[in-house]
Amino acid sequence: MDAGCAQAQPALLDYKTEKYLLTKNRKVGVIYRFLHLAILCYIIGWVFLAKKGYQDTDSDPHFSIITKLKGVSITKNFRNSQEKIWDVADFVKPSQGENVLFLVTNFIATTGQVQRTCAENPVNSDARCSENLDCVAGEPVVNGNGIKTGKCVMFNHTQSTCEIYGWCPVENESLLRKPRLNEAENFTLFIKNVVHFSKFNFSRANTLDTSDETYFKNCRYNPVSSPYCPVFQIQEIITQAGQSFEELSVMGGVVAARIEWKCDLDRPAAECLPQYSFRLQDTKNNFRTATYYWDQERKEYRDLFKLYGFRFDISVTGEARKFGVVPTAVSLGTGCAFLGAATFLCDLILLYLDKKASFYRSCKYEEVKPPKNQQTIQETRNE
Amino acid sequence: MDAGCAQAQPALLDYKTEKYLLTKNRKVGVIYRFLHLAILCYIIGWVFLAKKGYQDTDSDPHFSIITKLKGVSITKNFRNSQEKIWDVADFVKPSQGENVLFLVTNFIATTGQVQRTCAENPVNSDARCSENLDCVAGEPVVNGNGIKTGKCVMFNHTQSTCEIYGWCPVENESLLRKPRLNEAENFTLFIKNVVHFSKFNFSRANTLDTSDETYFKNCRYNPVSSPYCPVFQIQEIITQAGQSFEELSVMGGVVAARIEWKCDLDRPAAECLPQYSFRLQDTKNNFRTATYYWDQERKEYRDLFKLYGFRFDISVTGEARKFGVVPTAVSLGTGCAFLGAATFLCDLILLYLDKKASFYRSCKYEEVKPPKNQQTIQETRNE
Amino acid sequence: MDAGCAQAQPALLDYKTEKYLLTKNRKVGVIYRFLHLAILCYIIGWVFLAKKGYQDTDSDPHFSIITKLKGVSITKNFRNSQEKIWDVADFVKPSQGENVLFLVTNFIATTGQVQRTCAENPVNSDARCSENLDCVAGEPVVNGNGIKTGKCVMFNHTQSTCEIYGWCPVENESLLRKPRLNEAENFTLFIKNVVHFSKFNFSRANTLDTSDETYFKNCRYNPVSSPYCPVFQIQEIITQAGQSFEELSVMGGVVAARIEWKCDLDRPAAECLPQYSFRLQDTKNNFRTATYYWDQERKEYRDLFKLYGFRFDISVTGEARKFGVVPTAVSLGTGCAFLGAATFLCDLILLYLDKKASFYRSCKYEEVKPPKNQQTIQETRNE
């Protein structure tokens, strides 16, 4: 007879539960439980404890950064070898105190340039010449400083180059001494950062909320003793970036400063403190800039500066987390999927790999025949 | 006898369906259905309707911002108390019209500085002295304006400070009057923003596509009447940020402007309009900058400006959504996981919490014994 | 009798497997297998092969960009129609070589402005007047250049405008010739980019690691022959952005340059090369800037420049992927969820849509009655 083909028609509110075969098969049983355990550990240990899967997160905060460099340095043998004082208005570019700033540590000055003709610098291979024919008039020198006039002139006693029309005299690194802003290592960089997590409407600053004007003038950052004083000494920064100020300041470099906020809003806000990390992104960093002026005859002059120094790229990454129902549900849901997988796997083993597989198979599957037996079933029942 | 251990060997294309126990257990039945309902509501209501889980999203648009400030203001008692006109070229820094710009609303000018020796400003505690010994020659003043010469001189009738070599005279806030750019409140900020969602190759601008040159000169932003005119009055912006222009303009501040695009590409493009929000990120914002000039003897002078004002940080966040097969599948899949969870939960209740639990348990699990019984089964069948 | 209500109490390590009804129903069987196949293809083909679901990804790299423009151009009829040479220090703003830079291609110069009174430019509708009453003294001209003095004066033979106090003479586009930096099309833009994926602590640069100083001076970018030479000719860039340099250089524009890194760390690092793409974000781009100077009497002058040109917004998007256990698990998990869905669907068909549905239903569900039958079961067993 076919088992269990009663006339049982399930009603909506009857609870139906799968029928199970109970196999005294220890081997598979152990595997099965082990998988369960593993999955449970994964869900609880990893998803919930480690990854905090029960929390909603906002990882795209608004933020603002205000930076201030402090310090003053002196350079020798600048224009006709006089001393020059550099203060914040001189050595920070741009000066607005945004999240990217450049600190001059070294420079090459070519002062008093005017627009006239002179011999191009021989470092530009394109400008070297032996006769006028080598210099096509009106053609700019490749990577050069001006437009060729068509003449080939002596640059110095040894080399001759094309004459150009441009800002003359041309910059000539080899000749110029490099004065250094040595005191720059003692400059301090103040990084004020305010983050706002719109999802939780939660704001936080990395500075002490104090009325004491002088606090930030005297403090230095220390994760333990003064976590709310984001004032860093340039030398420290460079050291943390794994470099020596001495070397790096000659040719400059790019330093990435990252402020990382990890705020668990289920815990006291005081624990939500940023971490600062500094990485060297690039060695060598320089750019050219010029200041213009005019003499009495309104003739235009310029001082060309090739500035070497550190560029600080300050980036902020933030993540705020707070308990949420939906994320909890999702984490649970995905976790459950695995339980299904475990069963699936064990069935495979039991029904196809176990040596009594065929028996189990025959038991697991109970054949039912189309309604003609309906009758017989009736009878058996009515006996 | 063991039930259902027929020699039924399933073929690949036979469909197998779990066998269920039908328990007339209303309690669990209700719970079960309720859970189903809840999950269904969650999937349909939340995942699909609220979160639009059937849509593919691109939340990382390319974008460009062009800003233009318009207006002109007058300041009294600037250099030897004459009036000074400020126009866009004077009060916007940097002037390139990028997504970060600084609007000068107030300033302290220290004009005609030259590099020489003078008394340091006593606000720098490090510079205060009573005798020359307090001033170590060649040492820079901490947070100060120059290098100590080693002399202790009178700063004014009351205080004496170390003499420094630096840009003199030093800035002295207490003495200087602060002229204000009062008309700044009526300046207008034009924010042109173009976003491009590469995933859907969809571009959109926040400006009216008009040939009328004067349109943007006369319109003001209004979400209803003129949504395509992103021209904001500074005063409005500050007000929206919850501040008063009067107060904030004295010491400056940082205002974050966020442009939010939420574009549902399954709906007409016209509905995809940005929202503008302004938040005060920080009060107090200033920086120092200088302009340099030379007299006939090529002596270098500079005018030092400590500029106070508003920094506008304009950020763009965008999200475009469009129907996609994969996201739909994923949303469904995760949803289904819960159904499994529901069954799991109810079984627990039925088999371990229900008062007839042990009975249900015994029914749910049908013991099967290794093949030796195989035989008997045969017989029973063949009767 | 009730089937299978033996006194079988499951032990923890007994393996339990669902009991299945084996229906020889081909139709549903085929559907079922087909769904399985589909899901399998989806998981393997899409999730794993296409989307690389087994990999952990870091899509938020630190990066630094250093840009350098090279070239020199000449403009005719500048101030009193003399020639003017423009080199990098002149035509790049800001000059720091960051990820946003502006290349001047055209400009309007209004030289020798001083602060005095003059007639406002009639393009400002607000400034047009017929009598003094039209000009309210002390009121700034809307979008204008100064403060009205209250007089209505002749601007030229045809028009009369309000007199203003401001930087005079006012800028007057109609009059000024526009000299163009034609050679700009041959300028080269060098984009050095270093990315660092902190999750995998993996760094990479887009430049050849060479000691040869001249390499980057002579090479041009080519994805095949010179992928490590990120030097682009301006003209190329504009062309790639789908524009003609000729047209665009007149009014300027905004070009977005995107550097895309896709690094599969399971494969050799050499294969991780960036892709460069250029898009025109906006046509028309200009801003005003001024240089200031003083005559012997310390009278302030300025040269006002309305600069037209290209703004290059360089953005970096990066994604590094590497095999990870967790993502693999998650991908599998979500995939499994679908298998459940397939069963669910097929059961629906079998039990409610199939013509023998009611029969299958009656077989699938085996009714069990509360313990009073417990007894009878005993008996049947003991027979």
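Residues numbered from 1 in each chain as written. Chains lettered and ligands numbered in written order. Predicted model: local features only at pLDDT ≥ 70, side-chain atom pairs only at ≥ 80, totals over all residues. Heavy atoms only, no water.

Its UniProt record gives chain A a comment under Function (unreviewed entry), which states: "May act as a modulatory subunit rather than a functional channel." Of the comments in the UniProt record for chain A, the one headed Catalytic activity (unreviewed entry) reads "Ca(2+)(in) = Ca(2+)(out)". (UniProt positions renumbered as here; feature names shortened; annotations may be inferred.)

Residues and elements named next belong to chain A. Together, Phe344, Leu345, Leu348, Tyr352 and Leu353 line one region of the surface with nonpolar side chains, adding up to about 530 Å² of accessible area. Looking at where Leu345 falls in the secondary structure, it is placed in helix H6 (residues 325-353). Judged by its relative accessible area of 40%, Leu345 falls in the partly exposed class. (Patch = residues over 30% accessible without salt bridge, like charges linked within 9 Å, V, L, I, M, F, W, Y side chains within 5 Å. Areas by Shrake-Rupley, 256 points an atom, 1.4 Å probe, with all protein chains shown as cover. Salt bridge = Lys/Arg side-chain N within 4 Å of Asp/Glu carboxyl O. Helix = DSSP H or I, 4+ residues; strand = E, 2+ residues; numbered from the N terminus. Buried < 20%, exposed > 50% of the residue type's maximum accessible area, 1.4 Å probe, protein only.)

This next bit is on the sheet that holds strand S1 (residues 15-18) of chain B. On the basis of which strands lie adjacent, the open sheet formed by 3 strands has the order S18(A)-S2(C)-S1(B) and mixed pairing. The strands lining the two open edges of the sheet, one partner per strand, are strand S18 (365-368) of chain A together with S1 of chain B. Each strand axis lies, on average, 35° off the axis of its neighbour in the sheet, ignoring direction. As defined by bridge partners, S18 of chain A adjoins strand S2 (residues 20-23) of chain C across 4 bridges and the pair is classed as parallel. Bridge assignment links Tyr365 of chain A to a residue of S2 of chain C, and that residue is Tyr20 of chain C. (Pairing = 2+ DSSP bridges. Axes fitted to C-alpha atoms, helices over the stretch in contact; angles between N-to-C directions.)

So, about helix H7 (residues 357-364) of chain A. Of all 8 residues making up H7 of chain A, 7 are buried, and the element is well covered by its neighbours. Within H7 of chain A the residues assigned to the buried category are Ala357, Phe359, Tyr360, Arg361, Ser362, Cys363 and Lys364 of chain A.

Looking now at the relation of the copies chain C and chain A. Superposing chain C onto chain A takes a rotation of 120° combined with a translation of 0.0 Å along the rotation axis, leaving an RMSD of 0.1 Å. Expressed as a symmetry operation, the mapping of one chain copy onto the other fits a three-fold axis. (Least-squares fit on C-alpha atoms with pLDDT ≥ 70 in both.)

Residue and element names in this part refer to chain A. Once the domains are mapped, chain A shows domain 1 (26-54 + 325-382) and domain 2 (62-120 + 170-323). Of note, the centres of domain 1 and domain 2, computed from C-alpha atoms alone, are 61 Å apart. Listed per partner, the contact involves 5 residues of domain 1 and 5 residues of domain 2. Of all residues in domain 1, Lys52, Tyr54 and Val325 bury the most surface against domain 2, accounting for 81% of the area lost on that side. Inspection of the region where domain 1 meets domain 2 yields 1 salt bridge. (Domains from an automatic or database assignment. Contact = heavy atoms within 4.5 Å. Buried area = accessible area lost by both parts, 1.4 Å probe.)

The next subject is the interface of chain A and chain B. Taken together, the contacts link 70 residues of chain A with 81 residues of chain B. Here chain A meets chain B over a buried area of about 7,000 Å², counting both sides, of which 56% is carbon and sulfur. A per-residue breakdown of the area chain A buries against chain B is headed by Tyr15, Lys19 and Gln96 of chain A, which together make up 12% of the total. The tally of links from chain A across to chain B stands at 6 salt bridges. Between Arg302 of chain B and Asp87 of chain A there is a salt bridge, and its shortest N-O distance comes to 2.5 Å. Inspection of the chain A/chain B interface yields 24 residue pairs in polar contact (both at pLDDT 80 or more). Split into classes, the residues belonging to the side of chain A that touches chain B amount to 29 nonpolar, 19 polar and 22 charged. (Polar contact = N/O pair within 3.5 Å; in protein donor to acceptor, adjacent residues only side chain to side chain. Nonpolar A, V, L, I, M, F, W, Y, C, P; charged D, E, K, R; others polar.)

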